[in-house]
Amino acid sequence: DTGVSQNPRHKITKRGQNVTFRCDPISEHNRLYWYRQTLGQGPEFLTYFQNEAQLEKSRLLSDRFSAERPKGSFSTLEIQRTEQGDSAMYLCASSEDVTNEKLFFGSGTQLSVL
Amino acid sequence: GENVEQHPSTLSVQEGDSAVIKCTYSDSASNYFPWYKQELGKRPQLIIDIRSNVGEKKDQRIAVTLNKTAKHFSLHITETQPEDSAVYFCAAKQAGTALIFGKGTTLSVSS
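Quick look at the structure, then. As the structure is a prediction and not an experimental result, all values here were calculated from the model.

Rules of the game
Residues numbered from 1 in each chain as written. Chains lettered and ligands numbered in written order. Predicted model: local features only at pLDDT ≥ 70, side-chain atom pairs only at ≥ 80, totals over all residues. Heavy atoms only, no water. Helix = DSSP H or I, 4+ residues; strand = E, 2+ residues; numbered from the N terminus. Contact = heavy atoms within 4.5 Å. Buried area = accessible area lost by both parts, 1.4 Å probe. Salt bridge = Lys/Arg side-chain N within 4 Å of Asp/Glu carboxyl O. Polar contact = N/O pair within 3.5 Å; in protein donor to acceptor, adjacent residues only side chain to side chain.

**Digging into unusual backbone geometry**
So, step 1. The linkage connecting Asn7 of chain A with the following residue, Pro8 of chain A, adopts the cis geometry, with an omega of -10°.
So, step 2. Inspection of the secondary structure puts Pro8 of chain A in the loop between β1 (5–7) and β2 (10–13).
So, step 3. The linkage connecting His7 of chain B with the following residue, Pro8 of chain B, adopts the cis geometry, with an omega of -5°.
So, step 4. Mapping Pro8 of chain B onto the fold places it in the loop between β1 (4–7) and β2 (10–14).
So, step 5. Positioned with a positive phi, Gln60 of chain B is a non-glycine residue whose angle comes to about 60°.
So, step 6. Note on placement: Gln60 of chain B falls in the loop between β6 (56–59) and β7 (62–67).

Encoded structure:
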């Protein structure tokens, strides 16, 4: 499978727990993005990487959220001390580089915080 | 930062009719405007995109138009089919920034 891969597909957790999601982009893609989507809304930008460098974070992003892309390949998104409002679909996307900005999305990780 | 507004939020058409979805953006520096289709329970998929140096682009039954002066762009679907039923998102960005999406339009095509 040469598409964007995300794991796990579903995550159920209790409020206050930490969760971590993984994203494997298309192999030759330098840019990796994290978005959050709730029912009836468009994808909301969280953060993005150019190789291993985190270039932009949404001003709306809580300090409880952190993302890494240590070797410029896969990325992880961690949410600490989860809250019920964190329940959403977390989408990862990748693009080739600045000259080819077409975004390809993964299937997402559905987070439910109880 | 960029802000994208999308209208209408829902659109119902009869099979064979045309459908038009409109978006406005706030940042005049934005230069890339894609449209994504998301079927229920699936990932968003790119269906067409346009850059600011082009006013119109067409791909079979789908076309996108861009008015840079007014800062708005539109998606046109002709001869709609039931399989066109989905949520459609417009988006905008400038070089070096992330793609910002509209809130989506739910298109229902009835046969």
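**As for the interface of chain B and chain A**
So, step 1. In this complex, chain B contributes 21 residues to the contact, which on the side of chain A involves 21 residues.
So, step 2. Buried surface at the junction of chain B and chain A, summed over both partners, amounts to about 1700 Å²; 47% is from carbon and sulfur atoms.
So, step 3. Our count for the contact surface shared by chain B and chain A stands at 3 salt bridges.
So, step 4. Applying the counting criterion to the chain B and chain A interface returns 10 residue pairs in polar contact (both at pLDDT 80 or more).

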